[in-house]
Amino acid sequence: MATEIRSAIDFYDRHPISADIIRAKLKASRGHLDKVSPEELYPHDQDHYGGLAANEALAALLKVGPGDRVADFCAGLGGPARYLAHSYGADVTGIELTPARVKGAAELTRLVGLDSKVRVVEGNVMDVPLPDASVDAVVSQEAFLHVPDNARVLAEAYRILKPGGRLAFTDWIAHRALSKADAELMWQGMAVTELYDLKAYRALIESAGFTVTSVEDLTADWAEILKVRLAMYIKLRGEAQAAGTASGHDAFYESYVRFVALVSEGALGGGRFAAVKA
Ligand SMILES: C[S@@+](CC[C@H](N)C(=O)[O-])C[C@H]1O[C@@H](n2cnc3c(N)ncnc32)[C@H](O)[C@@H]1O
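Source: prediction; values computed, not measured.

Peer 1: Would you mind going over the site of the ligand in detail, with residue names and values included?
Peer 2: The ligand sits among 23 residues. The nearest are Asp 47, His 48, Cys 74, Gly 76 and Leu 97. For the shell around the ligand, the secondary structure elements donating two or more residues are helix 1 (3–13), helix 5 (79–88) and strand 2 (91–96).

Peer 1: An account of the nonpolar core is requested, with residue identities and associated values reported.
Peer 2: Core analysis: the biggest nonpolar cluster contains 74 residues, and Val 70, Phe 73, Leu 84, Val 138, Leu 167 and Ala 168 have the highest contact counts within it. Sorting elements by how many residues they give to this core places strand 5 (residues 161–174) first, with seven residues. Once residues within four sequence positions are removed from consideration, Ala 168 is found in contact with Leu 58, Leu 61, Leu 62, Val 139, Phe 273 and Ala 274.

Peer 1: Any details on the packing of helix 10 (residues 219–243) against helix 11 (residues 250–265)? Residues and values, ideally.
Peer 2: In a packed pair of helices, the relevant descriptors are the angle between the two axes and the axis-to-axis distance. Contact geometry for helix 10 and helix 11: axes closest at 9 Å, N-to-C directions at 150°. It follows that helix 10 is roughly antiparallel to helix 11 by the angle criterion. Where helix 10 crosses over helix 11, the two elements pack in a sense that is left-handed. Only Tyr 253, Tyr 256, Val 257, Val 260, Val 263 and Ser 264 of helix 11 make contact with helix 10, whose side of the interface consists of Thr 219, Trp 222, Ala 223, Leu 226, Lys 227, Leu 230 and Arg 237. Residue composition of the contact of helix 10 with helix 11, by class: nine nonpolar, two polar and two charged.

Peer 1: Got a sec to walk through the sheet that holds strand 3 (residues 118–122)? Specific residues and values, please.
Peer 2: Pairing within the open sheet is mixed, and its seven strands lie in the order 3-2-1-4-5-7-6. Either end of the sheet is taken by a strand with one partner, and the two such strands are strand 3 and strand 6 (211–217). Each strand axis lies, on average, 15° off the axis of its neighbour in the sheet, ignoring direction. As defined by bridge partners, strand 6 adjoins strand 7 (residues 268–276) across six bridges and the pair is classed as antiparallel. Of the residues in strand 7, the one forming a bridge with Ser 214 is Ala 274.

What counts, and where the lines are drawn
- Within any chain, residue numbers begin from 1 and follow the written order of that chain's sequence.
- Local features are withheld for residues below a pLDDT of 70 in this predicted model, meaning they are given only at 70 or higher, and side-chain atom pairs are given and counted only at 80 or more; totals for whole chains, interfaces and linings count all residues.
- In this entry, near means the residue's backbone-placed C-beta atom lies within 6 Å of the molecule or strand.
- For helices the rule is a DSSP run of H or I covering at least 4 residues; for strands it is a run of E covering at least 2, with both sets numbered from the N terminus onward.
- In plain words, the nonpolar core is the set of buried Ala, Val, Leu, Ile, Met, Phe, Trp, Tyr and Cys residues that C-beta atoms within 7 Å link up.
- With C-beta atoms placed from the backbone, the exposure class of a residue follows from how many other C-beta atoms lie within 10 Å of its own: 20 or more, buried; 12 or fewer, exposed; in between, partly exposed.
- By definition, residues are in contact whenever their C-beta atoms, placed on the basis of the backbone, come within 7 Å of each other.
- Here the axes come from fitting lines to C-alpha atoms, over the contacting stretch only for helices, and the angles between their N-to-C directions go from 0 to 180 degrees.
- What sets the label is the angle itself: under 35 degrees gives roughly parallel, over 145 gives roughly antiparallel, 65 to 115 gives roughly perpendicular, and the rest give oblique.
- For any helix crossing, the convention is left-handed if the near helix is rotated counterclockwise from the far helix by under a right angle, and right-handed if that rotation is clockwise.
- Any residue outside Ala, Val, Leu, Ile, Met, Phe, Trp, Tyr, Cys, Pro, Asp, Glu, Lys and Arg is labelled polar, Gly included; the first ten of those are nonpolar and the last four are charged.
- At least two bridges found by DSSP between two strands are what make those strands a pair.

Read these as layout, nothing more, since geometry by itself doesn't imply function.
Shown next as structure tokens:
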């Protein structure tokens, strides 16, 4: 297995949010796990910046409607996939690399009774286990930063989309090249591979055959979101250290602090892209 792929799996295997932790939190707050609604999972199962509003923005670009077949690339615990199924009536297949997340996604989807409309299958988005021209839309959130060959991912999105099908996703952006030390820190702490600026990303999407319909710079929004998330993370980490319990993994912490600084300086940021297969 390629080093980049192994590293992404290791990173998500150590991720502080898992299906077990979500279930434990729900059980502690409501006393049992009967009749859990999809809405009750949303505070926990969305592993991207901007929560449900970020899903809404992508759904609008994708024009998702009832019965649409959607592929969610790098689906994680299936939070956005369940949201698109529950709120828009879509039929969603998630593709997810990390086996523990595939298992967790199935457990959470069953818990909220959405298993007839949502499935997360184990797979690599560089080699998607879906037939040609089989979906109406492809979505993804903050995941391609881990994938070593994004040209291949975009070619796979193009292959599985029906003619007229839509692609919309968010990802990390590098507005300027990182120093060697910063690139190494992002790789060691968060399994970050190659990053592009907005222009280069647009060109990559076009090279896969798509017509790009919008490119948005989310950097200013992310800078605000990240400041709040980092403050919360530091507080929890401090509390865990004071209590002598597990306080998270140091390489992640160091790279996360630097990532937030790089986003507020405008060196790194986020982009939202939409495109259509003509
Ligand atoms: C930041 S999480 C996003 C999860 C989900 N999109 C969400 O917003 O909740 C990134 C996910 O990408 C997955 N991933 C990384 N590389 C992948 C690959 N090559 N193929 C499929 N999934 C991958 C990781 O295992 C992780 O679950």
